[in-house]
Structure formats: structure tokens, C-alpha cells
Amino acid sequence: MSYYLTTPIYYVNSTPHIGHAYTTIAADILVRHQRQRGVDTFFLTGVDEHASKVARVAAEQGLEPKEYADRIAIVWRELPARLGVSNDFFLRTTDDGHKVFVQDFLQRIRDNGRDDIYQDVYSGLYCVGCEAFKTEAELADGRCPDHGVEPEWIEEKNWFFRLSAYQKPLLDLYKARPDFVLPGFRYNEARSFIEGGLQDFSISRSGQPWGIPIPWDPDQVAYVWADALVNYLSALTYARPGEDLRDRYWPSVRHLLAKDILRFHCVYWPAMLLAAGYEVPQQLFVHGYLLLDDKKISKSLGNVLEPLDLVDVYGPDPVRFWCARAVSFGQDGSASVASLHERYERELGNDLGNLVSRTTAMIARYRDGSLRAVPAADSELKAVLDPLAADVAARLDVFDITGALERVWEVVRFLNRHVEVSAPWQLAKDESRADELDRVLYDLADGIRVVAVALAAYIPPTADRILAALGQPDDVGWENVAYGRTVEVTGIEAAAPLFPRLEAPTAAV
Ligand code: ME8
């Protein structure tokens, strides 16, 4: 069994913002979770470099496009690590391995015997911001609604892909696989678009040297989407030198993307794959937009709209936690830095951090740092934990990173109540209740250990710190999301706060 997850490869001509961080973090949570279950995983992200804008901006700066792209790619390459993201490969569409593969891929379509690639003259309006042709109906006051600019009139002889021939195969595919696109309303959106009729599209551009040459017509380069989408396959052919990973990870691939690029991924891409003789992906999850309530943010925090600035202030784990929790994954929603701060204090600091501090402090104080292993078959905690592993896994199997996290948080809340209800400080006063105190401390430690393992995909270093504070092995295998696996230890000390207090962001005037 394998689990191959990809995010869109981001346009190198933009700078990373919270939306980019959002997809990458969500993908990392899903992949880390599968690894915890012992699944063979591969996680791909990267940059899309052949946009026309790259060549234009490079020219303005007196640079070669590749020179310019090399400079901009640095911040993108660093982004995953700064977010605690564990991608297996970072692809650049200027990689030789990618270029060679794209040429082979397009040639396969041309040679498939169905005349799927043909030459025609294209004239129409083109938005450089979207890297897409636009119809009049898609414009508002003659401008692209997303970029606010007037599209350019383009007339050129291009190579076309016969997408129209794939309406029936795509509808058959959607019918046979009702979970091909998730959530369901996105599946319906993609299917309706296909039902509405598909138009052939140009897969090449002429008169522009920046791009991958069309193998049978090197005066033209591949249209940026016909190049970029292919990355999901090309990466597998060269990410590990000397190995071809296609048999291992294709087609068990899941693509994670936002709604803005649904058509390219859910319609064009499967059609291109069918035309080139490849299997289509297993699943595509289309998430909504995370909008940052961005207007009034503290000057003392700097411009915290940049994900890396947020990470500098709060650390990667709180940002990851907030991304998963602030907006139900799949829906649109807005979040603010104030909401990040509030969750940092209330949920991470109080609910989780204090629980760990209090529990370790009580073990240190009442038991001199020793924890006796006294699991009980009739423990209330056991009943709470028994369904947890399956419940969380089921939610993450359908990309519900928000629901899965809430399910873990129910246990965090239970444990906090359990401290209050069982009042270990009372039990500690009464020698005759020593066994009872041991059981309460054991259950609290065991519950916290389970929570740490269950949260390891979301906040990996924090999970490790919690396990270390309890003297437990750092094994986050999913089988450890179960009652009674905490081992007897000595030397537990009161843990330092996991999430120290930070100055609140204040609204700028
Ligand atoms: O489209 N909220 O790149 P791109 C959530 N290079 N996610 C967001 C977001 C927001 N506000 N804004 C962007 C491209 N995203 C092409 C893709 S793939 C073969 C080529 C995320 O830099 C989201 O995942 O414009 C979206 O799909 C992606 O960034 C688009 O990034």
C-alpha cells in the first residue's frame, strides 16, 4: 500500500503567502499521519517556473529568466522546512528530469493514434495573471476579475489538445468513482463542467523562448499548464537518481489543491493522462480559501501576514495547529492573527500545555517522579480512548484534518475534566488512597501520551517534547493510540511550559 500526496507547484513569480502555507501544512499532516500507520508514502511539492511573467520580470531586471527563477526559488525551497513540513522532494519545472519527461509525455499523446494533438490558429484574450485564455463572459468590465487587468489579445498558430474527445471518458470515470474528487460539492462542480461540454485547448505558445520546447516543433514551447501538471508524474522518474518510482506510487496519488485550479486538475489533467496512456490519480481533494483578516495587525509584530513571520513569532507548531483548526478544511473561511493568538493561549497554552505541566508536576510532587504502570480494564479513560484511533484515521482518510483534530481535542478536554473530578491533591492527603492516586496519575499520563501520538502529525516537535516529559519512547506509531501502553518510569520532572506566554498582537491605528 502506498500513499503519494502532492500539492500544487507554486508559481515562482509570486511570494509565499498564508494560502500557500495552508495547502503545504495540510498535506504534511495527511502524509505524516499515513507514515504513522506504516504506509509507504511520498510527498511532493515544488515550483512552477515557466510562467510568462517570469520571463517578463527577468527582462525588466536585466536578468536571464533562469537566473531570476533561481533567485526566487530559494524562498520557496525553504518554505516547507520552515513550516516543519517533511516533503520527500521539491520539484522545479526547470529540472532537466522534468523537461525530458514533459517532452516524452506530450509526444506520447501526439503518437497515440487518435489525432489528439493538432495545429490550429488561436486568437483570443489571454490573462497573464491566470496563465489562461478568457472568454468575454468571464471578464468584468473587460478585465480579469481575479487580476484586475485587461487580458491581451493573442493570435498565434498553436498545437491543440483534443479535450473535447474526452468528455465521455471523463464522465464514465466520474460515474464509476464518486469519490474521485472530494468534497462532494467539488465533485459536482467538476462533473457539471464536463457535462457542459469541453473545448479543445492550446498546449503550446509561440514566440516565447522561456519554456519546454515542443519536441516535434522546437520553435514553440509547452503552455505552462501542459508543463506544470505533468510534474506529478515526472518527479517519480528522477526524484531518486537511478530509480523509477512510478510503479511504487502511481496511480495511488492524491492531489491537494485549492478551488482556483479545480478545472486544470479535475478535468484537463485526467484527460491528458488518459491520452498519454497513464492511469488517472486516485483522488483529488479541493480545499477552500483561507482568508486572513489582514488589515490591522500590530506593527510590533511586523508584517505578520507572511507565513514565515507568523512562524517567527509563534513557531511552526502553533501555525500548523491554527491552519488545521481555524477553518473547516474544505470550506472557505477567514482567520485572523488575533484568532491564532487566542488559540495559542487558550487551546495550546491552557488546554494542552497546562495539562502536561500539571500532570508532570503532580507525578514529581506526589510520587517523587515515579510513575507506576497500573492500567485498569474498567477505566473511564479506556472507554474514551478505545474508539479514538479508528475515528481519527477515518476522518483523515477523507482529508478531514479539522474534524480529526477536534476529535483529539475532545480527549484533551476530557483529561482536563478528569484532573478536576479526580482531584489528585485530595487523594495525596490520604495514605489509604495511595492506589487510587496511582491509578489517576497513570490514566492522566496515559491519556496525555495518547494525545501526543494522535497529534504528532499536526505538531510533531511538540508531540516529541510531551513524550519526553513523560519519559516515554518517542514512537509515534499509530498502534500507540491506545489505552494502557504507558511504561513505568522514574525521574519525571515538572515540565516547562510548552507554549510560553507571548505578547498579544495589538491592532495598529
Ligand atoms: O496556481 N487559501 O500556483 P499558485 C488557500 N502554479 N490556498 C491558497 C490560497 C488561499 N487564499 N491562495 C493560494 C498555481 N492557495 C500553479 C499551480 S499545479 C500543476 C500549478 C494555494 O502559486 C492553493 O493550493 O497560484 C492553490 O491551489 C495554490 O496555492 C495556487 O498557487
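If you're wondering where the values come from, they're calculated on a predicted model, not measured in any experiment. (Residues numbered from 1 in each chain as written. Predicted model: local features only at pLDDT ≥ 70, side-chain atom pairs only at ≥ 80, totals over all residues. Heavy atoms only, no water.)

Undergrad: I'd like a rundown of the overall build of the protein chain, residues and numbers included.
TA: Summing up its helical and strand segments, the protein chain has 19 helices and 16 strands in all. Seen through its principal axes, the protein chain has C-alpha atoms that stretch 90 × 55 × 40 Å. The buried share of the protein chain, taken over its 509 residues, is 57%. Of the contacts formed within the protein chain by residues at least 6 apart in sequence, a portion of 77% connects residues at least 24 apart. Here the protein chain contributes 53 positive and 74 negative side-chain charges, whose respective centroids are spaced 3 Å apart. (Helix = DSSP H or I, 4+ residues; strand = E, 2+ residues; numbered from the N terminus. Buried < 20%, exposed > 50% of the residue type's maximum accessible area, 1.4 Å probe, protein only. Contact = heavy atoms within 4.5 Å. Lys, Arg positive; Asp, Glu negative; His and termini not counted. Charge placed at Lys NZ, Arg CZ, Asp CG, Glu CD.)

Undergrad: Residues and numbers for the sheet that holds strand β12 (residues 217-222), please.
TA: Note: strands within a sheet are paired through backbone hydrogen bonds, in either parallel or antiparallel orientation. On the basis of which strands lie adjacent, the open sheet formed by 3 strands has the order β10-β12-β11 and antiparallel pairing. Strands at the two margins of the open sheet, each flanked by one partner only, are β10 (204-206) and β11 (213-214). Of the pairings in the sheet, the one linking β10 to β12 comprises 3 bridges and is antiparallel in character. When the bridges of β12 are listed, Ser206 appears paired with Gln220. (Pairing = 2+ DSSP bridges.)

Undergrad: Go over the confidence of the model for the protein chain, please, and point to the residues and values.
TA: Summarising the model, the protein chain shows a mean pLDDT of 94, and 97% of its residues fall at 70 or more. Note on residues 295-304: pLDDT under 50 across the span, and 20 contacts to partners over four residues away in sequence or across chains. (pLDDT = per-residue confidence, 0-100.)

Undergrad: Requested: an account of the packing of helix α1 (residues 18-36) against helix α12 (residues 316-326), with residues and values cited.
TA: Contact geometry of α1 with α12 gives a least axis separation of 10 Å together with a crossing angle of 90 degrees. Put simply, α1 runs roughly perpendicular to α12. Facing Ile18, Tyr22, Ile25, Asp28, Ile29 and Arg32 of α1, the residues of α12 in contact are Val319, Arg320, Trp322, Cys323 and Ala324. Looking at side-chain class alone, the contact of α1 with α12 contains 8 nonpolar, no polar and 3 charged residues. (Axes fitted to C-alpha atoms, helices over the stretch in contact; angles between N-to-C directions. Parallel < 35°, antiparallel > 145°, perpendicular 65-115°, else oblique. Nonpolar A, V, L, I, M, F, W, Y, C, P; charged D, E, K, R; others polar.)

Undergrad: So, the sheet that holds strand β7 (residues 152-161): which residues are in play, and what are the values?
TA: Pairing is antiparallel in the open sheet, where 4 strands are placed in the order β6-β5-β7-β9. Each of the sheet's edge strands pairs with one partner strand only, and the pair in question is β6 (132-134) and β9 (201-202). Of the strand pairs in this sheet, β7 and β9 are connected by 2 bridges, and their pairing is antiparallel. Bridge pairing links Phe160 to Ser202 in β9.

Undergrad: How would you sum up the packing of helix α2 (residues 52-60) against helix α3 (residues 65-82)? Please name residues and give values.
TA: For the pair α2 and α3, the least separation of the axes is 8 Å and the interaxial angle reads 100 degrees. In terms of orientation, α2 and α3 fall into the roughly perpendicular class. Where α2 abuts α3, its residues Val54, Ala55, Val57 and Ala58 lie against Pro65, Tyr68 and Ala69. Looking at side-chain class alone, the contact of α2 with α3 contains 7 nonpolar, no polar and no charged residues.

Undergrad: Can you explain the pattern of salt bridges? Please cite residues and give values.
TA: If you walk through the whole model with that rule in mind, you get 35 salt bridges. In this structure, Arg205 and Glu156 form a salt bridge, with 3.2 Å as the shortest nitrogen-oxygen distance. Of the two residues, Arg205 sits in strand β10 while Glu156 sits in strand β7, which places them 49 residues apart along the sequence. Among the charged side chains, a salt-bridge network with shared partners connects Arg325, Glu342, Arg343, Arg346, Glu347, Glu406 and Arg413. (Salt bridge = Lys/Arg side-chain N within 4 Å of Asp/Glu carboxyl O.)

Undergrad: I'd like a rundown of helix α10 (residues 262-276), residues and numbers included.
TA: Between its first and last C-alpha atoms α10 spans 21 Å; for 15 residues at 1.5 Å apiece the expected length is 21 Å, and the two agree. At Tyr268, α10 shows its maximal bend, which comes to roughly 35 degrees, and the proline Pro270 appears one to four places after that position. Downstream of α10 by one or two residues, Gly277 has phi in the positive range, about 85 degrees. (Expected span 1.5 Å × (residues − 1). Bend = angle between axes of the 7 residues up to and from the residue.)

Undergrad: Can you tell me about the site of the ligand, naming the residues and giving the values?
TA: Lining the immediate environment of the ligand, one finds 23 residues, of which Ile9, Tyr11, Thr23, Asp48 and Leu290 sit closest. In the model, a nitrogen atom of the ligand is placed 3.2 Å from a nitrogen or oxygen of the Gly19 main chain. Within the side chain of Asp260, one N or O atom sits 3.2 Å away from an oxygen atom of the ligand. About the coverage of the ligand: the protein hides 93% of its 670 Å² of free accessible area. Broken down by secondary-structure element, the contributors of at least two residues to the shell around the ligand are β2 (10-11), α1, α7 (224-228) and α8 (231-238). In terms of residue count, α1 provides more of the shell around the ligand than any other element does, 4 residues in total. The residue inventory of the shell around the ligand, partitioned by class, reads 13 nonpolar, 8 polar and 2 charged. (Near = heavy atom within 4 Å. Polar contact = N/O pair within 3.5 Å; in protein donor to acceptor, adjacent residues only side chain to side chain. Areas by Shrake-Rupley, 256 points an atom, 1.4 Å probe, with all protein chains shown as cover.)

Undergrad: Quick one: what's the story with the packing of aromatic side chains, residue by residue and with numbers?
TA: Throughout the structure, instances matching the rule amount to 30 aromatic pairs. Relative to Tyr268, the ring of Phe201 lies with its centre 4.4 Å away and its plane at 25 degrees, an arrangement referred to as stacked. Remark: Tyr268 occurs in helix α10 and Phe201 occurs in strand β9; sequence separation between them is 67 residues. Of the residues examined, Phe201 reaches a relative accessible area of 9% and is grouped as buried. Overall, the relative accessible area of 17% leaves Tyr268 in the buried class. A centroid spacing of 4.9 Å and a plane angle of 20 degrees characterise the contact between Phe285 and Phe399, whose relative ring orientation is stacked. Of this pair, Phe285 sits in strand β14 (residues 283-287) while Phe399 sits in the loop between α15 (388-397) and α16 (401-422), and the two are 114 residues apart along the sequence. Note on Phe399: relative accessible area 1%, which makes it buried. (Phe/Tyr/Trp six-rings, centres within 6.5 Å; stacked < 30°, edge-to-face > 60°.)

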